[in-house]
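Understanding the architecture of this molecule
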Amino acid sequence: MKRSLDTYFLNTLFVSPQVNTDLLWTFTLIFVILCGLYFGFIFFFRNKLSYRTRAIEKRKKELTPMIVEFLFYDENSHKEEQTDYINLKVEIRELINSSFNRKVLIDILMYLRKDLSGATLSKLFKLYQELGLHHDSYEKLKSWKWQRISKGILELTQMNVEESYVFITKFINDKRATIRKQAEVAIITLKAEGLNYFLDTTTYRISEWQQLKILEVLINKKNYLPPSFNHWLMSKNNDVVLFALRLMKNYNQSDGNEALIELLKHRNSDIKLAAMSCIKEFHVVDALENLKLVFWDSKIDVKIGILDVISSLGDIQEITFLESVVAKESNFNVKSKSLACINIIQPMSVLPTIDIQATDIFTTPMDLPRVEPEEQIIIKKSSVATEPNKTIRNEHDIAEDRFSPLESKVEDKPPNELAKSIEAKSTIEVEQQEESKDLSDKQTLDSFNLGFLPLIISPEEGPVSKYKPNNNFKIAGAISDLEVVFQEFRNSTDEAQKGVALIENTKNNLSKIVAEFLPLVIPVEEKSERISELNEPHDYTELTVVYSEILPETNFHLTPSAINTIDMKDIRNIECDVNEIKNSQRKSDTDETSDTPEIYESLASKRVNEKSALEWVLSENEARLEMKQKLKSILKEQDGISFKLPKPIFYNEREANTMALLDDIEALGDSREIPLLNDLHKNETEITIRERMAYLIVKLEGTEVLKRQPIKPNSEVVSVFEKNFSSLAVQSQLIMLDEIALVGDEKEIPFLRRLIAASSEKISKKAEKCLGEILVKLNSQKQKPEELNPPAKKTKTVEEGRVVRKENIEPAEDIIEKIATKPFNVFDIDFDIDMEQEDLKDAK
Amino acid sequence: MDDEFLNIILEYMNIVFLVFTTVLFGGYIVMCYLATRNSLHYKHKNSFGDLSKVMASPLAPSITIIAPAYNEGLTIVDNIRSLMSLRYVDYEVMVVNDGSKDDTLQKMIDAYDLIKIEQEIDPEWKSKPIRGVYKSKHRSFSKLTVIDKENGGKSDALNTGMHLSTNRYVGCIDVDCLLLPDALLHVVKSFYQRSEKRVIAVGGVIRVANSCIIEGGQLEEIKLPNNWLAKFQLLEYTRSFLLGRMAWGRIDSLLIISGAFGFFDREIALAVGGYDTNTVGEDMEIIFKMRRYMHEQRLAYTIEYIPDPLCWTEVPEDLKILVNQRDRWTRGNLETLQKHKAMFFNPKYGRLGMMSYPYWFFYEWLAPLLEFTGLLCILLFWYLNILNWEFFFAITAAVWTCSIMVSFYAVLWEVYSYNQYNRKDVLTLLLFAIIEPLVYHPIVTWSAVRGNYKKLFKVKSGWGSQVRKGFAKAS
């Protein structure tokens with residue numbers, strides 16, 4: 001090797017260096033060896049992994065049914081089942097001596113944990129500790145490997161070992177991120193105060209993912225009462241502040257408005273955005289000034305966020321600011337957002353400008369050639385509709401249609417005559433009369449431009465039927481086709497009164513014009529003046545339409561309060577209309593040969609129709625959302641108390657127990673339960689529960705008494721443990737004696753006496769101890785019924801563990817209280833692994 | 001004297017090759033070590049925790065998946081369906097029809113009941129004109145947005161999508177790729193798990209889906225490709241993604257995220273102007289740009305790499321298509337290196353300038369040229385009868401065995417980490433690893449030489465095309 005390396009030292013530039021190929025062959029040899037090793041490793045790992053997977057699967061198949069048996073074991077089961085259960089415990093005790101089995105057991109419990117809840121989950125947690133598996137997890141905490149510590153913390157958290165809280169808190173500021181994050185989740189999961197501790201003590205940054213996980217833990221925590229998060233808005237850790245803001249929003253804690261406003265000036269954009277999110281959510285109008293203040297120095301996304309909040313909280317006073325943003329801001333998105341805000345605050349303030357053609361290119365009715373009589377129009381309509389080469393009309397065509405003679409005839413008239421005129425026109429169309437009237441009407445069109453009025457389109461039926469006097473005005477269809485601009489009514493009394501006056505004036509005038517199907521139209525500015533000048537030519541594009549659903553029989557007595565009471569039902573009705581229009585348009589798409597006038601036909605053409613329908617739907621949706629929001633805000637401003645979301649009503653503990661009892665009675669009871677129910681009914685104050693009781697009394701009145709066969713006592717006094725006892729090892733025998741002490745009764749006494757007399761010292765001692773415990777237990781059992789039921793009453797008898805109720809019934813409250821305070825005793829058996837180890841030592 | 005001089009030159013040439021090869025060996029060994037460390041770390045870190053729990057969190061970020069489509073009429077409907085069935089609460093699928101000449105758009109309109117909507121577009125945004133933005137009438141397809149635009153290439157389509165998206169993160173994928181249902185959860189975790197550094201991009205492994213059985217957008221059975229060329233590519237992908245990128249990821253010097261599965265912080269991606277439309281190596285170029293931008297802004301950042309097999313794609317089974325693809329990759333590589341030559345051994349860019357860029361320069365761009373030159377030299381020397389046979393055999397054996405060793409190591413990690421192939425398939429892969437340097441590698445080298453030739457001599461060439469066969473359906 002030395003020789004081969006020496007070769008590459010360049011002694012001189014002019015001498016050919018000798019490339020010794022030995023080095024390359026050495027490399028080759030190394031690589032070949034490595035290839036061989038890797039080849040071996042590949043199959044070694046593959047086999048090992050496969051074997052391990054198979055072994056785990058096999059062991060899981062064995063252990064899972066045992067665990068399930070434990071979890072669903074009923075303490076009141078038969079003696080045989082109890083014996084099996086104890087045998088199972090003994091078996092599992094032997095199995096967990098192996099570390100592999102313990103590992104698999106932990107895996108199984110962790111897996112089952114995902115699918116269990118309630119009492120069974122509690123049993124699972126208890127089982128984990130009773131099997132001593134938590135000791136394994138504690139051991140992991142002592143490891144130097146970060147992954148083992150994390151795994152240990154995870155296991156203790158998942159198995160809800162509250163005692164581990166203290167041990168885990170020391171990892172809360174661990175320098176190893178995985179451990180630290182696992183510890184954070186753990187302490188929050190294990191104890192309610194964990195979150196406070198975490199937010200108070202963490203010195204590290206909290207990643208977004210960690211926040212997400214912690215929030216998930218909190219959301220899934222039952223009966224969790226969150227602390228007031230505004231305490232952490234002053235934290236030096238920016239991530240704590242950010243997380244506190246998010247939690248405030250999530251838990252709807254609106255008690256830190258001043259801090260929220262102050263946080264708008266924070267350097268951190270994320271905090272700014274989170275604060276804005278809260279401000280928007282809690283409707284903190286006071287923040288508007290600060291929002292405008294910080295706007296200019298903010299980043300693009302913050303600017304957009306600010307504009308979003310302003311559009312939500314702001315009023316007309318913000319328009320100036322928004323206009324200045326439009327003028328000064330260079331970013332397209334910010335500018336667009338600003339324009340959108342203006343339109344949200346003051347609808348239709350900003351009109352489309354792109355692709356809008358100059359007015360002079362449009363043909364006015366004056367320029368049009370001679371207008372055909374109505375009859376011809378209708379005839380032409382049907383013929384054109386069937387023409388195969390008919391080109392699809394574009395929006396300009398529709399625009400022109402607005403000036404068509406058909407409408408001009410209507411718009412031309414003074415408002416108070418318009419309604420009559422419409423009806424008259426309908427009649428004319430149907431009866432095909434008054435052919436020459438249009439020409440004279442058309443001439444005055446320019447002076448009375450009603451082009452702003454929405455096109456009334458009903459693709460399903462022509463205008464003829466719509467305007468028929470006896471057609472009851474298809475309101476839904478008509479309204480759904482209107483272009484409606486929503487305007488929020490101010491809350492102040494003056495404005496409200498003005499509004500009423502305006503509505504009344506407008507209503508008086510317009511109701512005459514367009515009967516009942518048109519929306520109310522109110523000019524935005526100088527409303528009263530304009531209304532007084534209604535007969536003069538107007539630019540009606542300036543008008544704002546106040547939305548209100550108008551029914552045929554509506555008599556237009558709208559008041560501000562009436563407007564405020566437009567609730568979600570009204571909005572839902574609009575949604576119905578939207579659906580109607582969609583349906584009708586779909587129909588019109590397919591029904592190209594329908595007999596509709598030209599103006600409608602153009603809209604029935606597919607392309608235009610789809611586009612207009614979509615625009616309409618989108619604008620309507622947007623407007624509806626805005627309206628919902630504004631209605632909310634109006635109501636909220638008016639009456640902070642009345643504007644409340646319905647809150648769920650929960651039963652308290654006593655009521656829940658009573659309901660559970662009633663459920664049981666309904667499922668299992670018969671007429672014998674009626675006295676109890678009467679008693680309960682008498683004492684019950686909750687109406688729902690009383691009703692349920694009354695119902696049950698009626699229901700059970702006619703039922704026959706169910707024959708409940710009590711389980712006959714085993715005539716032979718034989719201990720069920722005796723059969724298997726002799727086949728067990730000493731260690732297991734000792735365990736079984738522990739179990740006997742816990743679950744045994746008088747039948748075990750002869751068996752234990754025999755053991756004391758004829759067994760080894762160890763077993764004998766244990767049996768003696770066990771016998772003593774059983775005797776004590778039996779004594780206490782005898783005393784208990786006496787305590788619960790004084791001898792004079794004798795309401796209960798205990799018969800083989802089954803309680804048979806007699807005619808005399810305990811007071812209802814006592815029963816419920818007992819149910820509520822009944823201790824959880826599924827796993828009363830002592831399963832402490834340390835005890836076992838001590839016993840083993842003794843045995844040795 | 002002349003002979004002696006020639007000998008000296010020849011010996012020096014041998015030394016150049018030897019040093020190059022030795023450094024390459026060293027590099028690969030270091031790479032294997034780093035990849036092992038990173039893989040183990042990743043495996044331990046992700047061995048516990050349930051991603052699905054946070055799927056519907058109110059703090060979960062919104063993501064837009066941008067999928068450019070050009071003449072994808074055959075598979076577009078199924079591919080979109082697959083994209084819309086991912087397990088995540090808040091994401092948008094934005095398909096950009098890049099002026100397809102076939103019925104791609106019409107098929108989407110028909111299948112998903114799309115209608116054109118109005119959307120304001122920044123007039124200053126430079127991309128090919130947008131013909132329309134489509135949304136579905138059905139609520140169940142509300143995640144889907146289709147953008148129809150004039151043809152401008154993949155980069156232009158992705159830029160348009162990025163611009164029209166409003167979400168914080170955007171994913172740029174190939175529309176024919178199959179994403180596993182949990183893919184977005186992994187991506188979000190990668191973006192969100194860092195607290196000290198801003199994650200500006202997340203990339204992932206691309207796995208070969210040829211011959212795999214896919215049903216309803218789900219991967220039903222993983223199989224080794226039947227086609228020999230695809231088998232070689234599978235081996236190559238395994239080596240590249242499980243070793244190469246894991247290693248670079250370990251030292252935070254990853255300079256490429258595959259165009260088939262790359263997610264970006266939209267703000268940073270837009271700040272650097274999105275994808276470069278003048279290069280065919282846009283996926284590499286954007287990472288260079290974003291990294292440079294963050295370096296120059298002196299912001300703490302990182303790029304995350306997910307080794308889990310989340311994205312499956314079809315690789316070319318036709319030799320001509322493969323050569324075109326590799327030709328394009330080489331040109332893209334060269335264009336990117338050329339554009340960012342300021343980083344070359346520039347300490348200002350730290351590891352990027354001193355390690356990553358030189359690696360790409362010497363071992364991704366220069367190596368094929370050197371190999372090709374070496375081959376020519378061998379032929380020439382053999383013709384002139386001056387070939388040092390001993391050296392030739394020694395270096396060939398060393399390079400060959402080294403290559404096999406690295407491939408074996410990659411297969412070992414594949415088995416250890418995922419163990420997705422059966423014994424027979426693993427044996428087949430190992431066999432292909434042995435013959436790869438003699439059969440497949442020359443094809444790749446030739447493609448790279450062709451790409452360099454085209455680029456250096458400005459031979460006009462575009463993207464080429466790949467005819468998709470579609471994934472096998474489960475019976």
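Residues numbered from 1 in each chain as written. Chains lettered and ligands numbered in written order. Predicted model: local features only at pLDDT ≥ 70, side-chain atom pairs only at ≥ 80, totals over all residues.

What follows covers the overall build of chain A. Across its full length, chain A carries 40 helices and 4 strands. Considering only contacts in chain A between residues 6 or more positions apart, those separated by 24 or more positions represent 71%. (Helix = DSSP H or I, 4+ residues; strand = E, 2+ residues; numbered from the N terminus. Contact = placed C-beta atoms within 7 Å.)

Another point: the overall build of chain B. Along the backbone of chain B there are 12 helices and 13 strands. Intrachain contacts of chain B at a sequence separation of at least 6 include 79% that bridge at least 24 residues.

Our next topic: the interface of chain B and chain A. One frequently used descriptor of interface size is the decrease in accessible area upon assembly of the parts. On the side of chain A, 45 residues touch chain B, which itself brings 48 residues to the contact. Taken together, the elements giving at least two residues each to the side of chain B that touches chain A come down to helix 1 (2-45), strand 3 (114-117), helix 5 (183-192), helix 11 (389-417) and helix 12 (423-456) of chain B. The greatest single-element share of the side of chain B that touches chain A, amounting to 16 residues, is contributed by helix 11 of chain B.

The angle between the axes and the distance between the axes are what describe a pair of packed helices. Residues and elements named next belong to chain A. Remark: helix 3 (residues 79-95) packs on helix 36 (residues 730-743), axes separated minimally by 10 Å, with the N-to-C direction vectors making an angle of 140°. The angle between the axes of helix 3 and helix 36 places the two elements in the oblique class. Once helix 3 is placed against helix 36, the crossing between them reads as right-handed. Across the interface between the two elements, Gln82, Ile86, Lys89, Val90, Arg93 and Glu94 of helix 3 pack against Ser732, Ile735, Met736, Glu739 and Val743 of helix 36. Of the residues in the contact of helix 3 with helix 36, the class split is 5 nonpolar, 2 polar and 4 charged. (Axes fitted to C-alpha atoms, helices over the stretch in contact; angles between N-to-C directions. Parallel < 35°, antiparallel > 145°, perpendicular 65-115°, else oblique. Left-handed = near helix turned anticlockwise from the far one by under 90°. Nonpolar A, V, L, I, M, F, W, Y, C, P; charged D, E, K, R; others polar.)

Turning our attention to the nonpolar core. Soluble globular proteins tend to pack their nonpolar side chains together in the buried interior. Judged by nonpolar contacts, the single largest core of 199 residues is most densely connected at Ala244(A), Ala275(A), Val95(B), Ile287(B), Phe408(B), Tyr409(B) and Val411(B). Counting residues per element, this core draws most heavily on helix 11 of chain B, which supplies 15 residues. Here Ala275(A) is in contact with Leu245(A), Leu260(A), Leu263(A) and Leu264(A), once residues within four sequence places are set aside. In this structure, Ile86(A), Phe721(A), Val743(A) and Ala767(A) belong to the second largest nonpolar core, which totals 17 residues. (Core = buried A, V, L, I, M, F, W, Y, C linked by C-beta atoms within 7 Å. Buried ≥ 20, exposed ≤ 12 C-beta atoms within 10 Å, placed from the backbone.)

Let's shift gears to the pairing of strand 12 (residues 301-313) of chain B. All names here are of chain B. Burial analysis of strand 12 places 10 of its 13 residues in the buried class, the great majority of the element. Two strands pair when backbone bridges link them, and strand 7 (residues 178-179) and strand 12 are joined in this way by 2 bridges, in the antiparallel orientation. From the neighbouring strand, Leu179 faces strand 12, where its bridge partner is Cys311. (Pairing = 2+ DSSP bridges.)

Consecutive residues of a regular strand have side chains that alternate between opposite faces of the sheet. All names here are of chain B. Among the 6 residues in strand 5 (residues 144-149), 6 count as buried, and that is most of the element. Along strand 5, one buried face is formed by Leu144, Val146 and Asp148 and the opposite face, lined by Thr145, Ile147 and Lys149, is buried too. Sheet analysis places strand 2 (residues 91-98) next to strand 5, joined by 6 bridges and oriented parallel. Within the sheet, the bridge partner assigned to Met94 lies in strand 5 and is Thr145. In this structure, strand 4 (residues 130-136) lies alongside strand 5, joined through 5 bridges in antiparallel fashion. Counted as the bridge partner of Gly132 is Asp148 from strand 5.

So, on to the environment of Ser324(A). Tracing the sequence through the fold places Ser324(A) in helix 17 (residues 319-328). Taking the C-alpha atoms as reference, Ser324(A) lies 9.3 Å from Ser338(A); in sequence the two are 14 residues apart.

Residue and element names in this part refer to chain A. The terminal C-alpha atoms of helix 18 (residues 332-345), which comprises 14 residues, lie 20 Å apart, in line with the 20 Å expected from a rise of 1.5 Å per residue. Those residues of helix 18 not exposed but buried are Val334, Lys337, Ser338, Cys341, Ile342, Ile344 and Ile345. The arc that holds every buried residue of helix 18, seen down its axis, measures 160°, which confines them to one face. (Expected span 1.5 Å × (residues − 1). Arc of directions from axis to C-beta.)

Before going further, it helps to spend a moment on the sheet that holds strand 11 (residues 261-265) of chain B. Strand pairing in a sheet relies on backbone hydrogen bonds. The paired strands run either parallel or antiparallel. Residue and element names in this part refer to chain B. Within the open sheet, the 10 strands sit side by side as 3-4-5-2-1-6-11-8-12-7. Their pairing is mixed. If you trace the sheet from one side to the other, it starts and ends with strand 3 and strand 7, each paired once. Examined bridge by bridge, strand 6 (residues 169-173) and strand 11 share 5 bridges and lie antiparallel to one another. Along strand 11, the bridge assignment pairs Gly171 with Phe263. Lying on the sheet, helix 5 is in contact with strand 1 (63-69), strand 2, strand 6, strand 7, strand 8 (198-208), strand 11 and strand 12; it crosses strand 12 at an angle near 170°. Across the sheet, helix 8 (residues 282-297) is in contact with strand 8, strand 11 and strand 12; its angle to strand 8 comes to roughly 160°.

All right, on to the confidence of the model for chain A then. Residue and element names in this part refer to chain A. On average, residues of chain A score 66 in pLDDT, and 52% of them reach the 70 mark or higher. Note that pLDDT drops below 50 for residues 8-14; the model gives that stretch 3 contacts with residues more than four away or on any other chain. A low-confidence stretch, residues 371-493 stays under pLDDT 50, and its non-local contacts, those more than four residues away or across chains, total 211 contacts. (pLDDT = per-residue confidence, 0-100.)

It is worth spelling out unusual backbone geometry at this point. Backbone geometry places Asp252(B), a non-glycine residue, at a positive phi of 50°. Here Asp252(B) shows up in the loop between helix 6 (228-250) and strand 11.

The next point concerns the environment of Leu255(B). Residues and elements named next belong to chain B. Along the chain, Leu255 falls in the loop between helix 6 and strand 11. Overall, the presence of 23 C-beta atoms within 10 Å leaves Leu255 in the buried class. Put simply, Leu255 and Met284 are 29 residues apart on the chain and 6.5 Å apart in space, counted from C-alpha to C-alpha. Those residues within four positions of Leu255 in sequence are excluded, and the remaining contacts are Met284, Ile287, Phe288, Ser356 and Trp360.

Before going further, it helps to examine the packing of helix 7 (residues 146-158) of chain A against helix 9 (residues 177-190) of chain A. Residue and element names in this part refer to chain A. Where helix 7 contacts helix 9, the axes come no closer than 9 Å and their chain directions differ by 10°. If you check the angle between helix 7 and helix 9, you find them roughly parallel. Residues Trp146, Ile149, Ser150, Ile153, Leu154, Leu156 and Thr157 of helix 7 lie in contact with helix 9, whose contacting residues are Thr178, Ile179, Gln182, Ala183, Val185, Ala186, Thr189 and Leu190. Its residues assigned to classes, the contact of helix 7 with helix 9 comprises 10 nonpolar, 5 polar and no charged.

Residues and elements named next belong to chain B. Its location among the elements puts Ser447 in helix 12. For the pair formed by Ser447 and Lys320, sequence separation is 127 residues and the distance between their alpha carbons is 9.8 Å. Setting aside residues up to four positions removed in sequence, Ser447 forms contacts with Val323, Arg326, Asp327 and Thr330.

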